[in-house]
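Descriptive analysis of the structure
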Amino acid sequence: METRPTLTIDRLVAELNALAKISQAEPPIVTRVVFSEADLRARAYVKDLCHDASLEVHEDAIGNTFARWHGTESHLAPIGTGSHIDAIPNAGLYDGCVGVLGGLEAIRVLQQLGFKPRRSIELVIFTAEEPTRFGIGCLGSRMIGGALSPGQAVALRDKEGHTLEELRSNSGFRGSLDSVALARGRFHQFVELHIEQGPLLEQEGIDVGLVTHIAAPASMRILIEGEGGHAGGKLMPGRKDALAAAAELILTLEAAAKSTGVIDTVGTVGVCEVFPGAVNSIPSRVRLETDIRDIDAARRDTVIEKLKTACEEVVQRRGVSVKTEMINADPPATCDPTILDAMEQAAKAAGKTYQRMVSRAYHDSLFMARIAPIAMLFIPCRGGVSHRPDEYASPEWIGSGVHVLARTLATLAS
Ligand SMILES: [Zn+2]
């Protein structure tokens, strides 16, 4: 199989740039919040390209879009590839879009080479990977994987109070949400091309990353209730300072995450709200929000358990009350060895350098892993920068990713 990278990459880069101009903000800033006018126009643009490539397009009730290139044995479960085209406010043009338009380009290259897939190859454009509108990431893939029930989805609202039901219906997605979840076996395998959103590949001058695991966050909210009072009048003995208690818990989390001895365990307290927040007032109430990630669910759980134990100790010792609440705890995903092997052979055949690596951010593939064997293919992005207008991946990097993806899809669909 020979590809002609210069020709196809010019087309793909032109399409990425055209898609970037469909934005709620002035170019080069990309802002494309789900179900906004820009999101709907961007969807229409991508669907037109899919029709031009003779793919059969259909959408589900939440707007996930499936574009199928029929294989010679089209009754078999297809090979999936794809990503998302929604973008957080003030974003760049590569996150997600490289996986969607790059996936389409891989299909078109195979078509042009006269390749006939045995299994169908299906491009998927997931609805709302970004949590901007509804406060929950990977809305579309989460529902496909059954990790968010139709009942939970119906309860979602945006900050203006518009319900998901109202917004999807106004966007033309009207079927029952019960039909969004897909059964295991609906896809034979799924592979997502994505920018790394970290600096490693660029630093080491490596063309592609073969993702072996996707780390997943567990978020816990901790509410600490102490006793307020005058910072001068109330003496140290007998104080119930909620922030001093919180400080102990923050340090406990840091120590617990380090204590696994594994670089893949990370723990962060990103939110610390102090009430009343006055310099001369003892903090009476603190809200912490924690993000604990790992590629191993059991190891991640040991960190959570240590933190919960520390909460109980702090209650005993300081006389404060502590309430914990798990906001979410999605299981991490392990990538499929067969797909990893196919990607490695593809990289070798394409003459590209590669390394196995972990995805520290999570992606739609994390939820596809609930219904299919998955893997991800990373390409470098300049300085590891993402979620900013200066996010950048060179045409050469994108070309390498598409080349390896095309060969991988060809192997998996044969
Ligand atoms: Zn993304």
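As the structure is a computational prediction, the values presented were derived from the model and not from experiment. (Residues numbered from 1 in each chain as written. Predicted model: local features only at pLDDT ≥ 70, side-chain atom pairs only at ≥ 80, totals over all residues. Heavy atoms only, no water.)

1. Section: the side chain of Thr265
By the element assignment, Thr265 lies in the loop between α8 (242–259) and β11 (266–275). Residue classification places Thr265 among the buried positions, given a relative accessible area of 6%. When residues no more than four places from it in sequence are discounted, the contact partners of Thr265 are Ala257, Thr260, Arg293, Asp294, Arg299 and Val303. (Helix = DSSP H or I, 4+ residues; strand = E, 2+ residues; numbered from the N terminus. Buried < 20%, exposed > 50% of the residue type's maximum accessible area, 1.4 Å probe, protein only. Contact = heavy atoms within 4.5 Å.)

2. A look at the coordination of the zinc ion
Each donor-metal-donor angle in an ideal tetrahedron of four donors is 109.5 degrees, and each such angle in an ideal octahedron of six donors is either 90 or 180 degrees. The protein atoms donating to the zinc ion are His84 (NE2), Asp95 (OD) and His194 (NE2), with metal-donor distances spanning 2.0 to 2.3 Å. Counting the intervening residues between successive donors of the zinc ion yields the motif H-x10-D-x98-H. With Asp95 in the loop between β5 (87–91) and α3 (97–112) and His194 in strand β7 (residues 189–195), this pair connects stretches of sequence that are 99 residues apart. (Donors = N, O, S within 2.8 Å, 3.2 Å for Na, K, Ca; no water.)

3. A short note on α3
Taking 1.5 Å per residue as the helical rise, α3 with its 16 residues ought to reach 22 Å, and the 22 Å between its terminal C-alpha atoms agrees with that figure. Within α3, 14 of the 16 residues are buried, leaving the element largely enclosed by the surrounding structure. Directly after α3, the chain includes Gly114, whose backbone phi takes a positive value near 80 degrees. (Expected span 1.5 Å × (residues − 1).)

4. Let's talk about the sheet that holds strand β14 (residues 321–329)
With respect to topology, 4 strands assemble into an open sheet ordered β11-β13-β9-β14, the strand pairing being antiparallel. One side of each edge strand has no neighbouring strand; the edge strands of this open sheet are β11 and β14. With strand direction ignored, the average angle separating the axes of adjacent strands in the sheet is 15 degrees. As defined by bridge partners, strand β9 (residues 216–225) adjoins β14 across 8 bridges and the pair is classed as antiparallel. (Pairing = 2+ DSSP bridges. Axes fitted to C-alpha atoms, helices over the stretch in contact; angles between N-to-C directions.)

5. Comments concerning the pattern of salt bridges
Under the definition given, this model contains 26 salt bridges. Where Glu165 meets Arg168, a salt bridge forms, and the shortest distance between an N and an O atom there is 2.8 Å. With a gap of 3 residues between them, Glu165 and Arg168 both fall in helix α6 (residues 164–170), about one helical turn apart. A residue is classified by how much of its surface remains accessible, and Glu165, at 27% relative accessible area, is partly exposed. Residue classification places Arg168 among the buried residues on the basis of a relative accessible area of 5%. Note that Glu344 and Arg356 form a salt bridge whose closest N and O atoms lie 2.7 Å from each other. Here Arg356 lies in strand β16 (residues 354–359) and Glu344 lies in helix α10 (residues 337–349), a separation of 12 residues in the sequence. Glu344 gets classed as buried once you look at its relative accessible area, which sits at 15%. We classify Arg356 as partly exposed; its relative accessible area is 42%. Through salt bridges with shared partners, a single network forms among Arg221, Glu273, Arg287, Glu289 and Glu325. (Salt bridge = Lys/Arg side-chain N within 4 Å of Asp/Glu carboxyl O.)

6. Considerations on unusual backbone geometry
Cis geometry marks the peptide bond from Pro27 to Pro28; its omega dihedral reads 10 degrees. Relative to the helices and strands, Pro28 resides in the loop between α1 (5–20) and β1 (30–32). In this chain, Phe275 is followed by Pro276 through a cis amide linkage whose omega measures 5 degrees. Although it is not a glycine, Ser54 sits at a positive phi angle of roughly 60 degrees.

7. Overview of the environment of Glu73
Examined against the element boundaries, Glu73 turns out to sit in the loop between β3 (65–69) and β4 (79–84). In this structure the C-alpha to C-alpha distance between Glu73 and Gln111, which are 38 residues apart in sequence, comes to 16 Å.

8. Some thoughts on helix α12 (residues 395–413)
Between its first and last C-alpha atoms α12 spans 26 Å; for 19 residues at 1.5 Å apiece the expected length is 27 Å, and the two agree. With 15 of 19 residues buried, α12 is to be regarded as a mostly interior element.

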